[in-house]
Amino acid sequence: MANLKLDHLKKIYEDDGRKVLAVKDFNMEIKDGEFIVLVGPSGCGKSTTLRMIAGLEDISEGRLFIDGEDVTTKAPKDRNIAMVFQNYALYANMTIYENMAFSLTLRKEDPEEIHKKVMKAAAILGLTDQLNKKPKELSGGQRQRVAMGRAIVRDPKVFLFDEPLSNLDAKLRSSMRREIKLLHHNLGATMIYVTHDQTEALTLADRIVVMSMGKVQQIGTPYEVYHDPANAFVGYFIGNPSMNFFDGRIENGDFRGPKDLIYPLEEEQKKIVSSYEGKPILMAIRPENIEIGGDLDYSVDLVEHLGQYSLIHGKLGGYSTVIKARGWHNFKEGETIKVALRKDKVCFFDLADGHRIRG
């Protein structure tokens with residue numbers, strides 16, 4: 001497999017004589033065998049970055065290295081990269097066997113070697129009994145496995161996935177996530193995966209790259225980006241439901257909202273926000289870190305029961321707030337309950353630019 005170095009990559013498009021910066025200074029090293037997920041909203045630059053790695057988009061500035069070799073200007077066919085697309089891109093008139101063997105046939109490889117590679121990939125993906133069928137005879141999940149098999153037989157240095165599960169229903173997406181994770185485990189391959197679905201990012205990745213507006217917001221393990229967001233965007237985008245945010249000020253060692261919320265800070269928290277006395281600030285906490293029982297008043301609007309936990313929607317000090325509580329709770333609309341924020345899980349962000357305040 002391979003390691004990659006994305007050395008300050010930049011992508012600039014021309015639009016009616018105007019330059020549009022689509023990817024800004026993407027800088028990262030990817031280890032051999034890592035599973036990297038690029039995640040972010042539509043238009044954030046994640047697919048453009050993937051296409052630059054594949055050679056399908058020119059790199060405007062910066063350099064791309066694969067195993068130490070500069071491939072910035074190399075054609076896609078010379079990079080030894082395989083890409084799995086969202087729409088499968090299978091040939092309808094060919095059998096599954098022919099689809100999987102197609103790239104090897106084009107390279108005029110030995111037919112016996114082609115057969116061995118196709119059968120091995122089919123066995124890995126559970127497609128052995130489907131090889132004589134046409135794509136239209138398969139389910140969406142099976143077609144996606146064929147697309148992955150076509151990539152596997154090439155024995156590439158790097159696998160690229162461009163939102164491969166977005167055409168599948170929720171149940172099939174879940175099973176395909178497991179299959180892709182197992183595929184990575186079995187192959188030990190370097191994989192780069194693009195998605196807008198943060199559940200896919202959290203469940204698949206060794207490291208996640210969170211992007212917004214063409215810029216990398218944070219690179220870290222799933223645990224790091226979830227529990228230690230670098231800025232308010234990451235806190236909002238990663239997690240479902242997202243973080244609860246409260247805008248207010250630090251006054252005499254307390255966080256005070258513009259409505260009814262007064263939250264006394266502990267000494268360690270006071271040190272973190274000491275330079276923000278009298279200034280606007282964002283306080284945030286994840287829904288599962290608000291506990292039932294405490295000294296803060298919470299007005300219930302709605303309860304959603306989701307099996308092992310309940311999502312409680314309501315107001316905390318006038319702010320719309322979601323609580324994710326274990327168990328089945330039957331609070332009534334308009335009921336006031338007491339809650340507490342877990343002190344060690346409260347985060348603070350600069351209200352102006354959203355960066356994390358760490359003291």
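Scoring rules and cut-offs
- Residues numbered from 1 in each chain as written.
- Predicted model: local features only at pLDDT ≥ 70, side-chain atom pairs only at ≥ 80, totals over all residues.
- Heavy atoms only, no water.
- Helix = DSSP H or I, 4+ residues; strand = E, 2+ residues; numbered from the N terminus.
- Buried < 20%, exposed > 50% of the residue type's maximum accessible area, 1.4 Å probe, protein only.
- Contact = heavy atoms within 4.5 Å.
- Areas by Shrake-Rupley, 256 points an atom, 1.4 Å probe, with all protein chains shown as cover.
- Polar contact = N/O pair within 3.5 Å; in protein donor to acceptor, adjacent residues only side chain to side chain.
- Pairing = 2+ DSSP bridges.
- Axes fitted to C-alpha atoms, helices over the stretch in contact; angles between N-to-C directions.
- Salt bridge = Lys/Arg side-chain N within 4 Å of Asp/Glu carboxyl O.
- Core = buried A, V, L, I, M, F, W, Y, C linked by side-chain atoms within 4.5 Å.
- Phe/Tyr/Trp six-rings, centres within 6.5 Å; stacked < 30°, edge-to-face > 60°.
- Lys NZ or Arg CZ within 6 Å of the ring centre and 35° of its normal.

Novice: Lay out the overall build of the chain with the relevant residues and their values.
Specialist: If you tally the helices and strands in the chain, you get nine helices and 19 strands. Taking the principal axes of the C-alpha coordinates as reference, the chain spans close to 75 × 45 × 40 Å. Here the chain holds 359 residues, and 49% of them are scored as buried. Considering only intrachain contacts with a sequence separation of at least 6, the fraction spanning at least 24 residues in the chain is 66%. As displayed, the chain offers around 17,400 Å² of accessible surface, 48% of which is attributable to carbon and sulfur atoms.

Novice: Explain the side chain of Gln218 residue by residue, including any values.
Specialist: Inspection of the secondary structure puts Gln218 in strand 10 (residues 215-220). A relative accessible area of 10% places Gln218 in the buried class. In terms of polar contacts, Gln218 uses its side chain to reach the backbone carbonyl oxygen of Asp228, at 3.1 Å. Engagement of the side chain of Gln218 in a polar contact is seen with the backbone nitrogen of Ala230, the distance being 2.7 Å.

Novice: I'd like to hear about the sheet that holds strand 14 (residues 280-285), residue by residue, with values.
Specialist: Pairing is antiparallel across the open sheet formed by five strands, whose spatial order is 13-12-11-14-19. The sheet is open, and its two edges are formed by strand 13 (262-264) and strand 19 (347-350), each paired on a single side. Neighbour-to-neighbour, the strand axes of the sheet open up by a mean angle of 40°, direction not taken into account. Of the pairings in the sheet, the one linking strand 12 (residues 254-256) to strand 13 comprises three bridges and is antiparallel in character. Paired with Asp254 across the two strands is Pro264, which belongs to strand 13.

Novice: Describe the pattern of salt bridges, and please don't skip the residues or the numbers.
Specialist: The tally for this structure, following the rule as stated, stands at 21 salt bridges. Note that Glu57 is salt-bridged to Lys11, the shortest N-O span being 3.6 Å. A residue pair is termed long-range when its members are at least 10 positions apart, and Glu57 in the loop between helix 1 (46-54) and strand 4 (61-66) and Lys11 in strand 1 (residues 4-15) qualify at 46 residues. Under the relative-accessibility criterion, Lys11 is labelled buried at 7%. Of the charged contacts, one joins Glu57 and Arg51 as a salt bridge, the two residues approaching to 3.6 Å between their closest N and O atoms. A network of salt bridges, in which partner residues are shared, links Lys11, Arg51 and Glu57.

Novice: Tell me about the nonpolar core, residues and numbers included.
Specialist: Residues Val37, Val39, Met100, Met148, Tyr193 and Ile238 are the most contacted members of the largest nonpolar core, which totals 45 residues. For Val37, the contacting residues outside a window of four places in its chain are Tyr193, Thr195, Ala201, Leu204, Ala205, Arg207, Ile208 and Val209.

Novice: Can you lay out unusual backbone geometry for me, pointing to particular residues and giving the numbers?
Specialist: For the bond from Asn240 to Pro241, the omega torsion is 0°, close enough to zero to count as cis. Take Pro241: it is sitting in the loop between helix 8 (232-237) and strand 11 (244-251).

Novice: Can you explain the sheet that holds strand 16 (residues 309-316)? Please cite residues and give values.
Specialist: Taken together, four strands build an open sheet; the order of strands is 17-16-15-18 and the sheet is antiparallel. Unpaired on one side and paired on the other, strand 17 (319-326) and strand 18 (336-341) mark the two borders of the sheet. Taken pair by pair, the neighbouring strands of this sheet meet at an average axis angle of 50°, ignoring direction.

Novice: Would you mind going over the environment of Arg51 in detail, with residue names and values included?
Specialist: One can find Arg51 in helix 1. The exposure class of Arg51 is partly exposed, given its relative accessible area of 29%. Separated by 202 residues in the primary sequence, Arg51 and Gly253 place their C-alpha atoms 49 Å from one another. Among residues more than four places away in sequence, those in contact with Arg51 are Leu56, Glu57 and Met83.

Novice: I'd like a rundown of the packing of aromatic side chains, residues and numbers included.
Specialist: Under the defined criterion, the tally for this structure stands at six aromatic pairs. Ring centres of Phe245 and Phe349 lie 6.0 Å apart, and the angle between their planes is 50°; this geometry places the pair in the tilted category. Of the two residues, Phe245 is situated in strand 11 and Phe349 in strand 19; the sequence distance between them amounts to 104 residues. You can call Phe349 buried: its relative accessible area is 0%. If you follow Arg286 out to its NZ or CZ, it ends over the ring of Tyr226, 3.9 Å from the centre. The positively charged end of Lys324 is found above the aromatic ring belonging to Tyr309, 4.4 Å away from the centroid.

Novice: Lay out the environment of Leu311 in plain terms, naming residues and giving numbers.
Specialist: Looking at where Leu311 falls in the secondary structure, it is placed in strand 16. Once the C-alpha coordinates of Leu311 and Ala122 are considered, the two residues, 189 residues apart in sequence, prove to be 42 Å apart. Apart from the residues within four sequence positions on either side, Leu311 is in contact with Pro241, Leu302, Val303, Glu304, Leu306, Val322, Ile323 and Lys324.

Novice: Mind laying out the pairing of strand 3 (residues 35-39), listing which residues take part and the relevant values?
Specialist: Taken across its five residues, strand 3 has five buried, putting it largely inside the fold. Inspection of the sheet shows strand 3 paired to strand 8 (residues 190-195) by five bridges, in the parallel sense. Considered in strand 8, the bridge of Val39 is made with Thr195. Relative to strand 9 (residues 207-212), strand 3 runs parallel, the two sharing four bridges. In the strand pairing of strand 9, Val37 is matched with Ile208.

Read these as geometric descriptors, not functional statements.
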